[in-house]
Amino acid sequence: MANAIELAKSYVPLLDEVYAREVLTSDLDGAPELVQQGANANELIIPMMDMQGLADYSRNSGYVQGDVTLKNETVKCNFDRGRMFWVDSMDDLETAGIAFGRLAAEFIRTKVGPEIDAFRFATYCSKTGIGKKEETLADGAAVVAALRAASTAMDEDEVSEGDRYLYITPTLYGMISDLDTTKSREILTSFAKIVRVPQRRFYTAIDQLSGGTSEEAGGYKKADGASDLNFVIVHKPAVIQYHKHAAPKIVTPDANQDGDAYKYGYRLVSIADVYANKLAGVYASYKPVGGGS
């Protein structure tokens, strides 16, 4: 029995690799060394710095004393979702291990990845104070103009040009690529990275299904009254994005009181938010309500 557990656990380190490959927003994850575990399971402690600006210099008394504040702020995770899967004990040791590895990878690829992306985009776009524009982009020229307007707005708000990530639908990205002009190439090269996001992950708001009665399938859906996103530009330092990626819980058949099967539990606890003083670092372009499928 111990060998079976060790084999199953051997797949656990692979989950972070699958996460990074299948979650399109994983590039925005904060540096793990800058975050600490909070006192409670759903909390993280993040260092935040504030300081005063320049003051007059006196030839007699010299500098005006300035204050810098570095404090650790506790933030609550706003994403806490999970599932429990069963693998019958009749599967032999090797099969149980393979089943778990494939199950975990497929679950992250088809369920976890899309939902965490959709949650993050919807959360960032719901913040009051970020750059937003409702617009219908009919062709490549319109997309280029919209991106240029968004970039200009961020420039005017003094958002650093580095670390700007463009998330855009494949359809709109294709429109720009088809232009193949100096302007279209120039706007695309101005971003640190461009990520094409399927529309089903790209809404201004979502509803997360409970998995209970009438919502057994779980997952998420586009919220009533939400819009399809055209593109989102994110300056990486503007967002608070960390995750507590809990290792799967493994229960052997002899410890399973409900059945003769292995139980593999998967839980993801995460936070997605925007720093209050960096709201200009997020810009969202979205269609009018009802303007998309």
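Going by the structure above, here's the rest.
Because the structure is predicted, anything quoted here is derived from the model rather than measured. Counting restarts for each chain: residues are numbered from 1 in the order of the written sequence. Confidence filtering applies because this is a predicted model: local features only for residues at pLDDT of at least 70, side-chain atom pairs given and counted only at 80 or more, and all residues used for totals across whole chains, interfaces and linings. With hydrogens and water set aside, each side-chain value is computed from the structure's full complement of heavy atoms.

(A) The packing of helix H4 (residues 140-156) against helix H5 (residues 170-179), seen in detail. For helices, the fitted axis covers only the stretch in contact; all axes are lines through C-alpha atoms, and the angles between them, taken along N-to-C directions, range from 0 to 180 degrees. Numbered from the N terminus, helices here are DSSP runs of H or I no shorter than four residues, and strands are runs of E no shorter than two. Between H4 and H5, whose axes approach to 8 Å, the crossing angle comes to 105°. Between H4 and H5, the angle falls in the class roughly perpendicular. Side by side, H4 and H5 meet where Gly 140, Ala 141, Val 143, Val 144 and Leu 147 of the first sit next to Leu 172, Met 175, Ile 176 and Leu 179 of the second. Of the residues belonging to the contact of H4 with H5, the class tally is eight nonpolar, one polar and no charged. Just so you know how the angles are binned, under 35 degrees is roughly parallel, over 145 roughly antiparallel, 65 to 115 roughly perpendicular, and the rest oblique. In what follows, residue pairs with any heavy atoms lying within 4.5 Å of each other are defined as contacts. Throughout this entry, Asp, Glu, Lys and Arg are counted as charged residues, while Ala, Val, Leu, Ile, Met, Phe, Trp, Tyr, Cys and Pro are counted as nonpolar. The remaining residues, Gly among them, count as polar.

(B) Quick peek at the sheet that holds strand E5 (residues 131-134). Taken together, five strands build an open sheet; the order of strands is E5-E14-E10-E6-E7 and the sheet is mixed. Taken across any chain shown, the strands that pair with only one partner, and hence form the sheet edges, are E5 and strand E7 (193-196). Each strand of the sheet is rotated relative to its neighbour by a mean of 10°, with strand direction disregarded. We treat two strands as partners when DSSP finds at least two bridges between them. Pairing geometry for E5 and strand E14 (residues 282-286), over four bridges, is parallel. In the strand pairing of E14, Glu 134 is matched with Tyr 286. Here H4 sits on the sheet in contact with strand E6 (164-168), strand E10 (229-235) and E14, set at roughly 30° to E10. Where H5 meets the sheet, it contacts E6, E7 and E10, and its direction lies at approximately 105° from that of E6.

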